[in-house]
Amino acid sequence: MKAFGGPVLFLDRSDINTDEIIPAKYLTEITKEDLKPYILEDLKLPGFDPNGPKTKSARVIVSRANFGCGSSREHAPWVFEVNGITAVIAESFARIFRQNMFNCGMAAIELPKADLDLIFSHANNENATMNIDIEAGTLTMNGGDKQKTFSFEISPFDKALVLAGGWVDYADLKY
Amino acid sequence: MGKTTAEKIFDAHLVNEPFPGTKVLRLDAVLCHEITTPIAIDDLIRRGKDRVFDPSKIKAVIDHVTPSKDTKTATQAKILRDWARRHDIKDFFDIGANGVCHALFPERGFIRPGYTVIMGDSHTCTHGAFGAFAAGIGTTDLEVGILKGVCAFRQPKTIKFNVNGALPKGVYAKDVILHIIGRIGVNGATDRVMEFHGSTIDGMTMESRMTLCNMAIEAGGTSGICQPDMTTVDYLWPFIQGEFASKEAALADYSQWRADADAEYDQTIEIDVTVMEPTITFGYKPDQVKTVSELAGTRLDQIYIGSCTNGRLEDLRIAAQILKGRKLAPNVRGILSPATPAIFKDATKEGLIDIFMEAGFCVTNPTCGACLGMSNGVLAEGEVCASTTNRNFMGRMGKGGMVHLMSPATAAASAIEGMIADPRKYL
Ligand code: SF4
């Protein structure tokens, strides 16, 4: 299965929508790879640069409530995937985005606000990284010399999708 | 214990429950458009699974950018067109017959009470107006839907909205749903079905119910659902008269999908429409709403009337009633996109198109176009649009552009004054 973890990109705002993750004008791209340069292009956040080194190196995104709301476009998980980001941690997700992540074999993990506040306290640390163990249901935040582990729950179905690498082959086999 | 409409539909369509909490449902309709489907088609081909579960249950349309504006959009259209031909999908709508998916498919009678419906489009919740469970999904779920005719869902909880009272002058379904979203917030209904009840809904046309359900997703809702009644039967009658001996028989059958009186809800919310005013969004989130009195005078550059929210005949009638004999203010431009060819034709017959053109509107072919900032009325940086669509996200109708969502009546009044204006003085 995929390894989850690595450098963290902190996006400290609720309600980040899929238009901000990948604007509609790029929905005419035919391959996932073509989406790569446009990640988070329309997201306006103080200190955030969609083309900056932090975006490039990120493997995990940490954000707030209702992440991925709006359009159903699976281009949003895809633009993360082709940029090497395979997990998003947030207080809550919009339903379609959350399912799209799992359907692609990636992880959308919900944590309580208090845990996220602790994780966000590492946001200024240049070397913040995270390790995620889907089977154990734990994620470990490393910020410099500090380390803290949190536990999370995902549904058995979503876990099966991540382990199977997605929904299409699974469904074709079973239905 | 009784059941909600969604619970009844889930039980009737359950294939299995592969894991606790996950239900795989049999689908009655899989809807497709040219933005999200071509990638699913490509992937199915790549996997050696270029099949469809049942061509008669798949409906497809080219609607987002049509006629195509460049090579890329032409390629997307071509992939969908070739696929529909290859698999003998009869209900495929191409240039000349195409229109905005969530207006076109119901108009063709494809959606019935009790149906399960998916589409790779978040506003699929619109079809819940018929008492169906209709949900937007992503491309992978669409792919499985096309291939297998199933989709997995968590059983949603349901929020019951009791919407009561006579709509005041100048207040329409759009104002009601904007008000509701403002009240519960953009994730107030996440993983929930929004089930609408009450005298206001009973009195609404199917068009208005579609407007209402269309924006359930703007509150995070999985589907909006209205209760099937005689209004539903009347709308569907041309398509179902062969199936039922009488309208009463159809109503009796469809009533099985109405929620039980003792159904259990996650939450019940009372909405009194009699205190409402025309309602408009002001920021970049659909739950940021104010009344027209608070926003009157706001600067505008463009008026857009159309989309799956408010591009139907009744919307055009209301706007035309206000625009009749009047002109667009010189500082704004106006665009009208009737949502389907049938709406366009009827509006022409009724003289509505004339009224719009006399007022100075540009009338486009049926398409999503400017609603998602892809064509036909994209905004320039810093421009502001009064729009009857459903999303006001930053950049939605063009990078750096700003959108105020409102009813067709408010949009028409604003067109005349060149700034946000109260429709009530023109009614
Ligand atoms: S009209 Fe707008 S919201 Fe409706 S389907 Fe088209 S792009 Fe989506």
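Structure: above.
A brief structural summary. (Residues numbered from 1 in each chain as written. Chains lettered and ligands numbered in written order. Predicted model: local features only at pLDDT ≥ 70, side-chain atom pairs only at ≥ 80, totals over all residues. Heavy atoms only, no water.)

Here we come to the sheet that holds strand β16 (residues 333-337) of chain B. Residues and elements named next belong to chain B. Read from one edge to the other, the open sheet built from 5 strands follows the order β17-β16-β15-β18-β19, with strand pairing classed as parallel. Whereas interior strands pair on both sides, the edge strands pair on one side only; in this sheet they are β17 (361-363) and β19 (402-405). Each adjacent strand pair in this sheet contributes to an overall mean axis angle of 25 degrees, direction not counted. Sheet analysis places β16 next to β17, joined by 3 bridges and oriented parallel. Along β17, the bridge assignment pairs G334 with F361. (Pairing = 2+ DSSP bridges. Helix = DSSP H or I, 4+ residues; strand = E, 2+ residues; numbered from the N terminus. Axes fitted to C-alpha atoms, helices over the stretch in contact; angles between N-to-C directions.)

The next subject is the site of the ligand. Residue and element names in this part refer to chain B. The environment of the ligand is formed by 13 residues, the closest being H123, C308, C368, C371 and N390. Placement of the ligand is best described as lying within the largest cavity. Mapped onto the shell around the ligand, the elements with two or more residues apiece are α4 (101-107) and α12 (307-310). Considering only residue class, the shell around the ligand consists of 6 nonpolar, 5 polar and 2 charged. (Near = heavy atom within 4 Å. 1 Å grid on protein atoms, 1.4 Å probe; cavity = no way out; pocket = protein on both sides within 12 Å on 5 of 7 lines; lining within 4 Å. Sits in = over half its atoms within 2 Å of the grid points. Nonpolar A, V, L, I, M, F, W, Y, C, P; charged D, E, K, R; others polar.)

Let's shift gears to the interface of chain A and chain B. Taken together, the contacts link 43 residues of chain A with 50 residues of chain B. Summed over both partners, the interface of chain A with chain B comes to about 4,100 Å²; 56% of that surface belongs to carbon and sulfur atoms. In terms of surface lost to chain B, no three residues of chain A exceed R95(A), V168(A) and Y175(A), which account for 18% of the buried area on that side. For the interface between chain A and chain B, the tally reads 12 salt bridges. Note that K285(B) is salt-bridged to D15(A), the shortest N-O span being 2.9 Å. Residues belonging to the side of chain A that touches chain B are distributed by class as follows: 17 nonpolar, 12 polar and 14 charged. (Contact = heavy atoms within 4.5 Å. Buried area = accessible area lost by both parts, 1.4 Å probe. Salt bridge = Lys/Arg side-chain N within 4 Å of Asp/Glu carboxyl O.)

Our focus in this paragraph is the pattern of salt bridges. Per the counting criterion, the structure on display carries 44 salt bridges over all chains. Between R51(B) and D172(A) there is a salt bridge, with its nearest N and O atoms 3.2 Å apart. Of this pair, R51(B) sits in the loop between α2 (37-46) and β4 (58-61) while D172(A) sits in helix α7 (residues 167-174), on two different chains. Judged by relative accessible area, which is 38%, R51(B) ranks as partly exposed. Residue classification places D172(A) among the buried residues on the basis of a relative accessible area of 16%. Residues K247(B) and D234(B) are paired through a salt bridge, measuring 2.8 Å at the closest nitrogen-oxygen approach. (Buried < 20%, exposed > 50% of the residue type's maximum accessible area, 1.4 Å probe, protein only.)

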